[in-house]
Structure formats: C-alpha cells, structure tokens
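Coordinate inspection notes
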Amino acid sequence: MEFGVFDIFRIGIGPSSSHTVGPMRAAAGFVRALGEKGLLPRVAQIRAEMFGSLALTGRGHATDTAVMLGLSGEWPEQLDPDNATRIVAAIRAEGVLRLNGQHSIPFSEDRDLLLHQHETLPGHTNGMRFTAFGEGGAVLDELVCYSIGGGFVATEEELARGDAGP
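Rules used in this analysis
- Residues numbered from 1 in each chain as written.
- Predicted model: local features only at pLDDT ≥ 70, side-chain atom pairs only at ≥ 80, totals over all residues.
- Heavy atoms only, no water.
- Helix = DSSP H or I, 4+ residues; strand = E, 2+ residues; numbered from the N terminus.
- Buried < 20%, exposed > 50% of the residue type's maximum accessible area, 1.4 Å probe, protein only.
- Contact = heavy atoms within 4.5 Å.
- Areas by Shrake-Rupley, 256 points an atom, 1.4 Å probe, with all protein chains shown as cover.
- Pairing = 2+ DSSP bridges.
- Salt bridge = Lys/Arg side-chain N within 4 Å of Asp/Glu carboxyl O.
- Axes fitted to C-alpha atoms, helices over the stretch in contact; angles between N-to-C directions.
- pLDDT = per-residue confidence, 0-100.
- Core = buried A, V, L, I, M, F, W, Y, C linked by side-chain atoms within 4.5 Å.

All right, on to the overall build of the chain then. Looking only at helices and strands, the chain has 7 helices and 7 strands in total. Ordering the α and β elements of the chain from the N terminus gives α-α-β-α-α-α-β-β-α-β-β-β-β-α. Counting the 166 residues in the chain, one finds 45% classified as buried. When contacts within the chain are restricted to residue pairs at least 6 apart in sequence, long-range pairs at least 24 apart make up 67% of them. For the chain, the accessible area works out to roughly 8,200 Å², and carbon and sulfur atoms hold 51% of it.

Shown next, in the form of structure tokens:
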C-alpha cells in the first residue's frame, strides 16, 4: 500500500491521532456500514467500548469526544471544530445521538461509551468494539478494530492477515 506525508501527519481534535483520528474513523465507518447494510433505521442503542491504552487516556486525550463525533457521522478530514463542540455538547445535554447525522437514539456516556481500563483486546493495545442493538437488545452488528497509529485503523481480520496500516 502506498502512502504519503499527508497520510502520516494529520490534524485531529486531541493530542494523539491514535486516540482521536483512529477512533473517530472507526466509529464513523461503523455507522456508515450500518447504513449500507440497511440496519441504521433499526438501531435502538449503540455501545462503543475502548480497551487498553484508549481507555486509560480516553477522556484526557479526547477519545470519548472523537467517538461521539464519529458515531454522529463526522470524519476527521472534514471536521469543523466549532460544529464538533456543538455536536458533543448537544449529545451530553440532550442524551440523544444522531447516528450518521440521520437516526436519533438515546445515548448515555456512562452506559454506551465504556472505557475498559484493565482489559485489552488480543490484537493491539488500542482496541475498540462497536455494537449496534435493535429493539429488545438483539445485536444487529458488531465491529472489533484497532487504532494502530497515525490515525490508521485495522480490523481483526486485517491484523491476522498482516495487511494492516500503510
């Protein structure tokens, strides 16, 4: 895979692209895929879980903010910082998240954005799991992935094949 200097050096919302750009992309990609699969209108709850390093510094490095923005359909490359502040403030004040900017669901950081500080996933210390639930709690879709540095994200399958990252 070819990549250039602009793939490595990125502007993000926090001090670390591994802790902001990667998680934002992973969250945005998950909800985009829900839409492509026709599942988005059926989602009643979403859970985002951060593991290891992402969990340990999750609030201090703005991982929590990045994930909420990604779930809202925001991508790092097109992010307007003023709009980002408004989106996160509204989610926190109203307890509602608009998945991919389209489908509103109840959202509580305490319940739906979990920071597992004493757990890691087997593939990498920056592990994430996103789960979409339908009415009644049935799992509609799930994604396990890793923020592997420089804002790059790899799935479990990509890591296993050895074709993750640039």
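Another aspect to go through is the pairing of strand S1 (residues 45–51). The buried count for S1 comes to 5 of 7 residues, which makes it a mostly enclosed element. Bridge analysis of S1 against strand S4 (residues 113–116) gives 4 bridges, and the strand direction is parallel. Along S4, the bridge assignment pairs Glu49 with Leu114.

Moving on to the pattern of salt bridges. Taken as a whole and assessed by the stated rule, the structure comprises 6 salt bridges. The salt bridge involving Arg92 is made with Glu109; its shortest N-O contact spans 2.7 Å. Here the residue Arg92 occupies a position in helix H5 (residues 81–94), and Glu109 occupies one in helix H6 (residues 109–112), the gap between them amounting to 17 residues. Residue Arg92 is classed as partly exposed on the basis of its relative accessible area of 43%. Judged by relative accessible area, Glu109 falls into the buried class, the value being 18%. Close ionic contact of Asp112 with Arg111 constitutes a salt bridge, the shortest N to O distance being 2.6 Å. In this structure Asp112 comes out as buried when scored by relative accessible area, which is 0%.

Below, the discussion takes up helix H4 (residues 63–71). Structural remark: α-helix, 3.6 residues per turn; residues separated by three or four positions point the same way. Among the 9 residues of H4, 9 are classified as buried, and the element is accordingly described as predominantly covered. Of the residues making up H4, those classed as buried are Thr63, Asp64, Thr65, Ala66, Val67, Met68, Leu69, Gly70 and Leu71. Just downstream of H4, Gly73 is the residue with a positive phi angle, here 95 degrees.

Another point: the sheet that holds strand S6 (residues 139–149). Read from one edge of the open sheet, 5 strands run S4-S1-S5-S6-S7, paired in mixed fashion. Looking along the sheet, the strands with just one partner apiece sit at the ends: S4 and strand S7 (152–155). Taken over all neighbouring pairs, the strand axes of this sheet differ in orientation by 25 degrees on average, direction set aside. As judged from the 6 bridges shared by S1 and strand S5 (residues 127–133), these two strands associate in the antiparallel manner. Bridging from a neighbouring strand, Gln45 pairs with Phe133 of S5. Packing against the sheet, helix H2 (residues 21–36) makes contact with S1, S5, S6 and S7, and its axis sits at approximately 25 degrees to S5.

Quick look at the confidence of the model for the chain now. Taken residue by residue, the chain gives an average pLDDT of 86. The fraction at 70 or more is 86%. Note on residues 1–12: pLDDT is under 50 here. Beyond four places in sequence and across chains, it has 16 contacts.

A few words on the nonpolar core. Counting residues in hydrophobic clusters, the biggest one holds 34 residues, and the most contacted among them are Leu34, Ile46, Leu71, Leu99 and Phe130. If you list the elements that add at least two residues to this core, you get H2, S1, helix H3 (53–56), H4, H5, strand S2 (96–99), S5 and S6. With 6 residues, the single largest contributor to this core is H2. If we skip the residues at most four places from it in the chain, Leu34 touches Leu39, Leu40, Val43, Ile46, Ala132 and Asp141.

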